[in-house]
Amino acid sequence: MAEKKILTKDFGAPGLAHLAGYEQTGGYQAYQKALKELQPDALVEMVKKSGLRGRGGAGFGTGQKWSFLPKGVYPRYLVINADESEPGCFKDRYLLEASPHQVVEGLLIAAFAIGCNLAFIYIRGEYLPQHEALEWALAEARQAGYIGKNVLGSGFDVDVILHRGAGAYICGEETALLTSLEGYRGEPRLKPPFPAIKGLYGKPTVVNNVETVATLPHIVSNGPDWFATIGTETGKGTRLWCMSGHVNRPGNYEMEMGAPIRELIYDLGGGVWKNRKLKAFQPGGASMMVLLPQHLDVGLDFDAIQKAGSLAGAGAMVVMDETTCMVDMCRRYVEFFHHESCGKCTPCREGTFWMTNVLTRIEEGEGKAGDADLLLEMGNNIDGRSFCPLGDASTWFPRSCIKYFRDEFEQHVTEHACPFRKERVMVA
Amino acid sequence: MSLSQATVEKIQDYARRYPSAQSAILPALWAVQHEVGYVTSDGMREVAQHLGLPASLVEATSSFYSMYLTRPEGRHDAVMCVNVACALRGAEELFAYCEQRLGIRDGQTTSDGAITLRSTIECLGACGGAPMMQIDHRFEEDLTPERVNAIFERLRTEPAPSPEPPRPAAVPPTPTPAAKAAPKRPAGGSRPREKKADT
Ligand SMILES: Cc1cc2nc3c(=O)[nH]c(=O)nc-3n(C[C@H](O)[C@H](O)[C@H](O)COP(=O)(O)O)c2cc1C
Ligand code: FES
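Residues numbered from 1 in each chain as written. Chains lettered and ligands numbered in written order. Predicted model: local features only at pLDDT ≥ 70, side-chain atom pairs only at ≥ 80, totals over all residues.

### Overview of the overall build of chain A
For step 1, the next point in the chain: The number of helices and strands found in chain A is 17 helices and eight strands.
For step 2, the next point in the chain: In terms of overall size, chain A behaves like a compact globule, its C-alpha atoms giving a radius of gyration of 22 Å where 428 residues would be expected to give roughly 22 Å.
For step 3, the next point in the chain: Along the first, second and third principal axes, the C-alpha atoms of chain A reach 75 × 45 × 40 Å.
For step 4, the next point in the chain: For chain A, the residues scored as buried account for 60% of the 428 residues in total. (Helix = DSSP H or I, 4+ residues; strand = E, 2+ residues; numbered from the N terminus. Rg over C-alpha atoms; globule rule 2.2 N^0.38 Å. Buried ≥ 20, exposed ≤ 12 C-beta atoms within 10 Å, placed from the backbone.)

Take a look at the structure:
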């Protein structure tokens, strides 16, 4: 019935955003323990054993990803993905703003574990206050001797570069992020080779999400067995869920893996606003498939959400009430993907353009009979044929909406108008 | 046009910090924008020269990213997100209100040069505080027409933000927990909070 707070446990403690306040909550103890008591290989094993899966979207095992680095090849790089631009997601922002040192400590633990002496944080250009918070935190950590040469006498050298993006959603995709960090246009690269083999400057590289590394100090302090007792069989620990839309109390909530979606939306979020009925909700982020009230008892966990027909993605939870026009929501998302398509491959660049056109004409009452099927056909031609997942993912939400709300698409066409227009929220 | 000595030094410093000078393109372009207000082709040529790279490469990189401005704009930047989570809470209607209030359309600047107004389909990471705006890249959330009025009023007279946000000193003062208490509303709308149901 409540949040399970691990990462956000001390949020609100005085001065948490600064070193003294963070150390008062036990900050940097885990890093010191790692440096003094653990070998890098033992740390990798520890993270593997904890069952931690990446929080950036794909949910890949963190320890497993680290162990893909080829033996004996140096330098190796660690890049923290703070590009958070997935529509509906605002958790990394919260973590960076409220406790930047937790992220820095996690980064330093990861760097030590994989044998990296130069790490990067790639932060989206729009996150200026968070950039400042990190810049402070890094300067303080440097002054305290946590970053630098021979850290605390351990022989470990580490430096961190904070790199500011400049407005491009695709740079959150790990290969595009690396291309961007090298100073090119942020276009994705073909995988394989995966970054672990050939990443930044052609060297072995690990890309990890902000929330993923922020979890590491807790695993090191409390042990992998403790972490593995929290959550479900295949989803360990907690996750921050970014709840938005038609809910009474939007915001970030840290939930144990597997807690029912109902708890998040109703117990914590206070239910649907304006005493209206829940129409649908969308976990994961812009690309993910829509779910219905019948899915409220599904657990907040990678596998459970996937089994229900959607994906946990980057932890968004967008709530939609009965007045929501699904065609309009599809149009906005696909327009977003069209806007953000890097233009490298044709299915994504042209496909998102045509899908936006058709969705716009339906929404404006100029749709044609068969447009829903046309959209499905376009979707089938984009998904699986795009160079990177951006194109594929642009089709998932609209296709799921056609599956569950086909009537609505057809009503727009037969009535030559959007049946929801008049009911839209008016604020002004 | 020629960049100030301080900016040039900053660019050279970036070039030394990264394993490859090309990685310094983005931070160097930010430095140009901070000094000039936008990124001109002269600015790009100078960046190329200081990094020892072809100008065409700097231009190719620069044009990919939407945050580098190509022309002078108002003293203040007001950007409202109209992606799904924001649209669900009335962002589109509130944006129309902003246009009407300022007497300008999307992308235009008020005649006194104070405010450039924009809507964007890019989520700005404040979905929990929708409708929202970024004013000079700082978050304003849970907006209402009244709050928008107050913000615009303030911007009319406020000078442009310091071209570069205050940087921590090389050796930051040790902040006392009391003096450096956590921000009152960390992450604004991203923090769960009690809020009465809107009616
Ligand atoms: C289009 C696209 C955008 C992405 N955006 C982000 C992002 O903003 N932040 C992030 O951490 N991961 C993002 N990812 C996932 C990354 O590619 C990568 O899997 C992740 O950063 C790895 O970190 P993790 O293993 O800790 O989850 C994105 C992926 C795609 C395909
Ligand atoms: S959808 Fe508007 S800030 Fe996220």
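Text resumes after the structure shown.
### Some words on the site of ligand 1
Residues and elements named next belong to chain A.
For step 1, the next point in the chain: Lining the immediate surroundings of ligand 1 are 23 residues, of which Gly54, Gly56, Gly172, Asn209 and Thr212 lie closest.
For step 2, the next point in the chain: Secondary-structure elements contributing two or more residues to the shell around ligand 1 are strand 4 (205-209) and helix 16 (389-393).
For step 3, the next point in the chain: A per-element tally of the shell around ligand 1 places strand 4 first, with three residues.
For step 4, the next point in the chain: By residue class, the composition of the shell around ligand 1 is seven nonpolar, nine polar and seven charged. (Near = placed C-beta within 6 Å. Nonpolar A, V, L, I, M, F, W, Y, C, P; charged D, E, K, R; others polar.)

### Here's the deal with the sheet that holds strand 7 (residues 278-283) of chain A
Residue and element names in this part refer to chain A.
For step 1, the next point in the chain: In space, the four strands of this open sheet follow the order 6-5-8-7, with mixed pairing throughout. Here the strands that pair on one side only, and so sit at the sheet edges, are strand 6 (251-256) and strand 7. Neighbour to neighbour, the strand axes of the sheet diverge by 25° on average, direction disregarded.
For step 2, the next point in the chain: Bridge count between strand 5 (residues 238-245) and strand 6: six bridges; the pairing is antiparallel. Across the sheet, residue Trp241 finds its bridge partner in strand 6, namely Tyr253. (Pairing = 2+ DSSP bridges. Axes fitted to C-alpha atoms, helices over the stretch in contact; angles between N-to-C directions.)

### Re the packing of helix 2 (residues 25-36) of chain B against helix 3 (residues 41-51) of chain B
Residue and element names in this part refer to chain B.
For step 1, the next point in the chain: Relative to each other, helix 2 and helix 3 sit at 135°, their axes nearing to 10 Å. As summarised for this structure, helix 2 and helix 3 are arranged oblique, according to the angle between their axes. Seen from above, helix 2 lies across helix 3 with right-handed handedness. Between helix 2, through Ile25, Ala28, Leu29, Val32 and Val36, and helix 3, the contact on the second element is made entirely by Gly43, Val47 and Leu51.
For step 2, the next point in the chain: Split into classes, the residues belonging to the contact of helix 2 with helix 3 amount to seven nonpolar, one polar and no charged. (Parallel < 35°, antiparallel > 145°, perpendicular 65-115°, else oblique. Left-handed = near helix turned anticlockwise from the far one by under 90°. Contact = placed C-beta atoms within 7 Å.)

### A closer look at the sheet that holds strand 1 (residues 76-81) of chain B
Hydrogen bonds between backbone groups are what pair the strands of a sheet, and the pairing can be parallel or antiparallel.
All names here are of chain B.
For step 1, the next point in the chain: Strands sit in the order 2-1-3-4 across an open sheet of four strands; the sheet is mixed. Each of the sheet's edge strands pairs with one partner strand only, and the pair in question is strand 2 (115-120) and strand 4 (138-140). Neighbour to neighbour, the strand axes of the sheet diverge by 25° on average, direction disregarded.
For step 2, the next point in the chain: Examined bridge by bridge, strand 1 and strand 3 (residues 133-135) share three bridges and lie antiparallel to one another. Of the residues in strand 3, the one forming a bridge with Val79 is Gln134.
For step 3, the next point in the chain: Set on the sheet, helix 6 (residues 91-102) makes contact with strand 1 and strand 2; between it and strand 2 the angle comes to about 160°.

### Focus: the domain arrangement of chain A
Residue and element names in this part refer to chain A.
For step 1, the next point in the chain: Splitting chain A by domain gives domain 1 (19-228), domain 2 (238-321) and domain 3 (326-423).
For step 2, the next point in the chain: Between domain 1 and domain 2, the C-alpha centre-to-centre distance is 27 Å.
For step 3, the next point in the chain: Across the contact, 13 residues belong to domain 1 and 14 residues belong to domain 2.
For step 4, the next point in the chain: Among the residues forming the side of domain 1 that touches domain 2, the class breakdown is four nonpolar, four polar and five charged. (Domains from an automatic or database assignment.)

### Remarks on the nonpolar core
For step 1, the next point in the chain: Leu78(A), Val79(A), Leu107(A), Ile109(A), Ala111(A), Leu264(A) and Ala28(B) are the most contacted members of the largest nonpolar core, which has 187 residues in total.
For step 2, the next point in the chain: Examining the composition of this core, we find that 10 residues originate from one element, helix 6 (residues 100-114) of chain A, more than from any other. (Core = buried A, V, L, I, M, F, W, Y, C linked by C-beta atoms within 7 Å.)

### A short note on unusual backbone geometry
A negative phi angle characterises most non-glycine residues, just as the trans form characterises most peptide bonds.
All names here are of chain A.
For step 1, the next point in the chain: The omega angle of the peptide bond from Lys191 to Pro192 is -10°, so this bond is cis rather than trans.
For step 2, the next point in the chain: The topology assignment puts Pro192 in the loop between helix 8 (174-181) and strand 4.
For step 3, the next point in the chain: The phi angle at Tyr28 is positive, at roughly 70°, despite the residue not being glycine.
For step 4, the next point in the chain: When you line up the elements, Tyr28 lands in the loop between helix 1 (19-24) and helix 2 (29-37).
For step 5, the next point in the chain: If you check the backbone angles, Asn150 has positive phi at about 45° while not being a glycine.
For step 6, the next point in the chain: By the secondary structure assignment, Asn150 is in the loop between helix 7 (128-143) and strand 3 (159-164).
For step 7, the next point in the chain: Its 11 C-beta neighbours within 10 Å are what place Asn150 among the exposed residues.

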